[in-house]
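Close look at the chain arrangement
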Amino acid sequence: MAKLLLLDGHSLTYRAFFALPTDMATASGQVTNAVFGFTSMLINLLRDHQPERIAVAFDRPEPTFRHERVPTYKAQREEAPDILRQQLGLVRQVLEALGIPMIDAAGYEADDIIATLATQAADGGDEVIIVTGDRDTYQLVADPLVKVLYNRRGVSDYVLYDEAGIRERTGVSPAEYPEYAALRGDPSDNLPGVPGVGEKTAAKLITTHGGLDGVFANLAALTPKLRANLAEHEENARRNAEVMVLLRDVPLDVGPGDLARRPFDAETVRDLFNFLEFRTLYQRLGEVGADVGLPPAEEVATLECGVQEIASAADATALFERLAREPPERLGLVARFAGDPGRSPLTGLALATQVDPGQGAWVPATLLSGDHGASAREALVRLLGPGGPALLTHGAKALLRGLGAIGLDVGSLDLDTEVAGYLLDPAESAYRLADLLLRYVGVGLEEATSPAAEGRLDLDGAGDALPAEAARSAVAVARLAPALGQALADQGLTRLYEEVERPLIRVLARMETAGVGVDVEYLRRLNAGLVADAARLETEIHEAAGEVFLINSTLQLRAVLFDKLGLAPNKRTKTGFSTDASSLEKLRDQHPVIELLLRYREVEKLRSTYGEGLIAEVADDGRIHATFHQTVARTGRLSSDRPNLHNIPVRTEEGRRFRRAFVPAPGFELLVADYNQIELRVIAHLASDPGLVEAFETGRDIHTTTAARVFGVDDTAVTPGQRAKAKMVSYGLAYGMESYGLAQRLSIPVAEAQEILDAYFVAFPRVRAYMEATVAQARQRGYTETLMGRRRPIPELSSSNYRIRQAGSARP
Amino acid sequence: MNAGIQGLAADIFKVALVALDRRLEAEGVRSRLVLQVHDEVILEVPPEEHHAMCELVVATMAEACELSVPLEVNLSFGASWADAKG
């Protein structure tokens with residue numbers, strides 16, 4: 001049994017084009033976003049599925065039988081932009097070079113070709129995976145051989161559907177899909193459905209009546225409105241159903257057996273990838289080289305570095321003094337820790353003494369401690385203090401916290417390559433030094449083979465790797481920093497870095513070191529209370545269920561709820577009926593045990609997260625020293641962990657109970673300050689909406705004023721309900737909520753939510769103008785930008801793809 | 001499309017944190033920053049600095065960024081985070 005991958009070339013190229021910014025281009029100006037995204041997807045597919053056979057189907061410009069049947073078919077589609085059409089040619093060139101068969105047929109769509117080949121392959125007992133962003137292929141899914149890998153958006157957001165998956169997604173079986181879609185309509189093909197029939201209604205109608213014939217034979221059983229709509233649009237729906245069925249008998253010159261990858265000329269591949277400047281993609285072809293038969297990619301130069309291990313406090317002192325007196329061109333310095341960086345003892349420091357060829361020195365922390373380390377510490381204070389040489393490091397906050405723990409402050413921090421990497425691309429999931437060096441300098445950094453790679457103390461005896469690894473990193477930082485500094489300048493981020501992010505590093509490090517006081521006794525009582533609550537609920541659950549079982553075991557819980565108590569389940573997962581909170585919520589009325597279960601889960605979560613969770617984080621000094629994250633949130637906001645203080649509930653009584661545990665040091669009091677309605681003020685400012693600005697300037701209650709304008713009443717006539725709705729709309733805008741989200745929050749129909757939103761935009765027209773301008777700008781540039789120049793890529797690309805994209809524009 | 005809104009709010013808060021810490025250090029006070037969560041800062045303040053901190057914190061945060069609308073700061077004291085915040 002062979003595996004056949006069938007790709008819809010147009011659909012996937014379009015997805016890539018709209019997912020990636022159009023400023024991706026080669027030095028000669030050829031825009032490459034779509035061909036890059038497509039090639040990246042292709043390599044991922046080859047790597048993940050290792051297919052024996054593969055083909056890419058394309059649409060043709062000639063009209064198809066669908067255009068003949070429905071003159072308006074796809075009539076609304078605008079001509080693809082030139083920069084997309086050119087790239088379709090490049091996509092074909094890439095496929096040609098890689099020896100991947102391409103198929104098209106005049107008068108047929110790519111979908112029909114895929115349907116034909118999938119049917120033939122499955123008939124022959126082969127496995128088929130269809131990769132597309134077009135829902136019409138749902139009808140082709142057939143267990144166990146044919147699946148659809150549906151591209152939801154972008155280049156990496158996929159979901160794999162089998163028959164159960166299609167049923168869960170749509171409510172109908174693959175065979176029923178065309179008739180279901182006929183009722184629902186397909187705006188992307190300009191095929192209107194029946195008014196008032198959405199996905200849910202369509203699925204219900206089709207499954208209840210066994211198809212369109214059944215639906216139209218049983219119109220009398222339906223509500224008058226639905227009956228009228230269906231009757232009026234029957235012809236339309238039946239016509240939709242006709243054109244939505246994919247053809248499985250397109251005459252083709254090839255069959256599934258002919259779709260093995262052809263051999264190809266390595267030189268052609270190299271030339272094409274060179275032309276497209278897909279350097280890292282070329283290397284990734286090497287990764288899947290065994291499958292595509294490519295020669296190994298050109299080796300990337302790796303950073304070479306000598307290391308001098310400092311063995312005495314006197315040598316350490318001499319080194320620090322020499323570096324302070326005659327600083328190297330750039331002073332790279334990294335710290336290594338026994339455990340979590342910054343939270344555990346420092347094991348040593350590595351300094352770059354020479355950048356190229358690399359030379360570094362390793363100073364074990366033991367040389368800096370106690371009486372014998374006093375002079376070395378003083379020399380280090382002078383080296384790192386204000387006026388010292390500009391310090392370059394990776395992960396400055398941990399370094400500052402580690403040095404703070406031995407009484408040292410840093411006053412000369414210049415560039416933190418981790419924070420700079422974040423500002424340049426806040427969509428990454430991590431900013432590892434090796435990745436940044438490869439991306440911005442094009443040089444590899446050898447990973448440490450020992451646990452030192454994670455900055456951990458090596459306990460298994462291979463410890464001699466640590467000094468060399470740390471020294472390499474120090475040199476890597478010194479090599480990387482100028483490239484990042486330049487990139488920050490190029491993107492207009494220097495000021496944001498120097499005036500906000502860089503000074504913030506030290507502020508956060510100091511705050512982590514200070515920690516916050518905790519009333520441990522209170523916390524213990526709180527935790528004991530939760531433990532008792534959980535135990536009581538456990539007993540009550542066992543009584544209600546009539547047997548003792550492990551509540552946290554999904555299997556046992558399922559057996560009790562659905563087999564023993566005979567409750568009617570509402571949702572199936574891959575492994576059985578769902579017992580998650582939302583599923584249980586729906587069973588609430590069926591049995592008293594459900595209510596108890598929901599409360600038990602809530603108590604357990606509070607206990608583990610905030611009860612035991614907080615107690616575990618209390619340090620020897622009786623305080624909690626969280627770690628603040630400056631390089632995680634894509635919005636630019638800060639977050640924290642150990643513990644995560646950001647998810648303590650803000651407005652509930654529970655949240656209040658936990659906040660009571662945070663106390664000042666004896667003899668002090670806590671001051672808490674925050675901004676009042678900061679998001680709304682920011683909206684007023686960014687949009688320069690005179691109505692909003694005036695409301696804030698006069699100091700009136702902003703939500704009342706907003707409500708008065710939105711609902712067209714006098715300030716004094718605003719009801720509490722109107723004020724609440726206005727408030728929700730305002731915050732909804734700040735958090736990117738649309739009518740659907742708003743409807744959910746206000747428990748009102750979506751249409752009503754949309755009306756309120758529309759009224760809001762009429763009342764505050766400049767806010768709408770601002771939102772539209774932001775969207776337009778993001779579309780054009782591929783990112784949004786704040787007043788201070790902070791950028792956020794749109795859409796959110798998967799980290800690996802985005803990294804590769806930037807590698808193309810790496811500078812030496 | 002709220003990135004610009006969230007991003008600017010984040011920037012203002014960060015500027016405020018940096019400015020606060022700088023002023024606390026410059027004034028040589030015993031008060032110190034101990035926590036930041038969402039748009040909230042928490043300081044430990046000795047009784048003799050109570051009034052000075054009211055003014056310093058409110059002024060520093062309100063001046064963090066010049067918008068076309070005033071920035072307003074809520075401030076409270078307490079024997080615990082819950083006490084102060086409610």
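Quick note: structure is the one above.
Reference entry: report on the structure contained in this document. (Residues numbered from 1 in each chain as written. Chains lettered and ligands numbered in written order. Predicted model: local features only at pLDDT ≥ 70, side-chain atom pairs only at ≥ 80, totals over all residues. Heavy atoms only, no water.)

Some words on the overall build of chain B
Of the regular secondary structure elements, chain B holds 3 helices and 3 strands. In chain B, the order of α-helices and β-strands from amino to carboxyl end is α-β-β-α-β-α. A sequence separation of at least 24 residues applies to 39% of the contacts in chain B between residues at least 6 apart. When the accessible area of chain B is evaluated, it comes to approximately 3200 Å², of which 50% is carbon and sulfur surface. (Helix = DSSP H or I, 4+ residues; strand = E, 2+ residues; numbered from the N terminus. Contact = heavy atoms within 4.5 Å. Areas by Shrake-Rupley, 256 points an atom, 1.4 Å probe, with all protein chains shown as cover.)

As for the sheet that holds strand S16 (residues 623-624) of chain A
Residues and elements named next belong to chain A. A sheet is described by the order of its strands in space; here 3 strands give the open sequence S16-S15-S19, paired in antiparallel fashion. Both outer strands of the open sheet, S16 and strand S19 (662-663), are each paired with one neighbouring strand and no more. Relative to S16, strand S15 (residues 516-518) runs antiparallel, the two sharing 2 bridges. Bridge pairing in S16 links Gly 517 to Arg 623. (Pairing = 2+ DSSP bridges.)

Details of the interface of chain B and chain A
With 64 residues of chain B in contact, the opposing surface of chain A contributes 67 residues. Roughly 6400 Å² is buried in total at the junction of chain B and chain A, and carbon and sulfur atoms are behind 62% of that figure. Put simply, chain B and chain A have 8 salt bridges between them. As a salt-bridge pair, Arg 510 of chain A and Asp 21 of chain B come within 3.2 Å of each other at their nearest N and O atoms. Applying the counting rule to chain B against chain A returns 25 residue pairs in polar contact (both at pLDDT 80 or more). Listed by contribution, the elements that provide at least two residues to the side of chain B that touches chain A are helix H1 (3-27), strand S1 (32-37), strand S2 (40-45), helix H2 (50-62), strand S3 (73-78) and helix H3 (81-85) of chain B. Sorting elements by how many residues they give to the side of chain B that touches chain A places H1 of chain B first, with 19 residues. A per-class count over the side of chain B that touches chain A returns 38 nonpolar, 13 polar and 13 charged. As paired strands, strand S20 (residues 669-675) of chain A and S2 of chain B are joined by 6 bridges and run antiparallel to one another. Paired with Val 672 of chain A across the bridge in S2 of chain B is Ile 42 of chain B. (Buried area = accessible area lost by both parts, 1.4 Å probe. Salt bridge = Lys/Arg side-chain N within 4 Å of Asp/Glu carboxyl O. Polar contact = N/O pair within 3.5 Å; in protein donor to acceptor, adjacent residues only side chain to side chain. Nonpolar A, V, L, I, M, F, W, Y, C, P; charged D, E, K, R; others polar.)

Description of the nonpolar core
Membership of the largest hydrophobic core comes to 182 residues, with the highest contact counts inside it found for Phe 320, Phe 662, Tyr 675 and Val 767 of chain A together with Ile 12 and Leu 35 of chain B. In terms of residue count, the dominant contributor to this core is helix H20 (residues 465-490) of chain A (13 residues). Those residues in contact with Phe 662 of chain A, other than ones at most four positions away along the chain, are Val 516, Gly 517, Leu 614, Ile 624, Leu 645, Ile 648 and Leu 670 of chain A together with Leu 35, Ser 80 and Trp 81 of chain B. Of all hydrophobic cores here, the second largest spans 54 residues; its members include Ala 105, Ile 130, Tyr 177 and Leu 230 of chain A. (Core = buried A, V, L, I, M, F, W, Y, C linked by side-chain atoms within 4.5 Å. Buried < 20%, exposed > 50% of the residue type's maximum accessible area, 1.4 Å probe, protein only.)

As for helix H22 (residues 520-545) of chain A
Residue and element names in this part refer to chain A. Look at H22: 37 Å from first C-alpha to last across 26 residues, which is about the 38 Å you get at 1.5 Å a residue. Listed in full, the buried residues belonging to H22 are Tyr 522, Leu 523, Leu 526, Asn 527, Leu 530, Ala 534, Leu 537, Ile 541, His 542 and Ala 545. On its buried face, H22 is in contact with S15, helix H23 (554-564), helix H25 (592-616) and helix H26 (653-659). Following H22 by one or two positions, Gly 546 has its phi on the positive side, about 80°. (Expected span 1.5 Å × (residues − 1).)

Regarding the packing of helix H4 (residues 82-97) of chain A against helix H12 (residues 266-276) of chain A
Two numbers describe a pair of packed helices, the interaxial angle and the distance between the axes. Residues and elements named next belong to chain A. Two elements in contact, H4 and H12, have axes separated by 9 Å at closest approach and are oriented at 150°. With respect to their mutual orientation, H4 and H12 come out roughly antiparallel. Between H4 and H12 lies a crossing whose hand is left-handed. Taken together, the residues of H12 that come into contact with H4 (itself represented by Leu 90, Gln 93, Val 94 and Ala 97) are Thr 268, Val 269, Leu 272, Phe 273, Phe 275 and Leu 276. Residues of the contact of H4 with H12, tallied by class, amount to 8 nonpolar, 2 polar and no charged. (Axes fitted to C-alpha atoms, helices over the stretch in contact; angles between N-to-C directions. Parallel < 35°, antiparallel > 145°, perpendicular 65-115°, else oblique. Left-handed = near helix turned anticlockwise from the far one by under 90°.)

Focus: the pairing of strand S12 (residues 358-364) of chain A
All names here are of chain A. Most of S12 sits out of view: 6 of its 7 residues are buried. In this structure, strand S9 (residues 305-309) lies alongside S12, joined through 5 bridges in parallel fashion. Across the sheet, residue Gly 306 finds its bridge partner in S12, namely Gln 359. The sheet contact formed by strand S11 (residues 346-354) and S12 spans 6 bridges and is antiparallel. Looking across to S12, one finds that Gln 354 is bridged to Gln 359. Joining the antiparallel neighbours S11 and S12 is a turn of 3 residues.

Remarks on the pattern of salt bridges
Should their charged atoms come close, side chains of opposite charge can pair. Within this structure, the stated rule accounts for 54 salt bridges over all chains. Across the pair Glu 501 of chain A and Lys 14 of chain B runs a salt bridge, and its minimum N-O distance is 2.7 Å. Of this pair, Glu 501 of chain A sits in helix H21 (residues 494-514) while Lys 14 of chain B sits in helix H1, placing the two residues on different chains. Residue Glu 501 of chain A shares its accessibility class with Lys 14 of chain B, and that shared class is buried.

Quick notes on the sheet that holds S3 of chain B
What the 4 strands build is an open sheet, ordered S1(B)-S2(B)-S20(A)-S3(B); its pairing is antiparallel. Strands with a single pairing partner mark the edges of an open sheet, and in this sheet they are S1 and S3 of chain B. Recorded for the sheet is a direction-independent mean angle of 20° between the axes of neighbouring strands.

In short, the description is geometric, and any link to function would need to be established separately.
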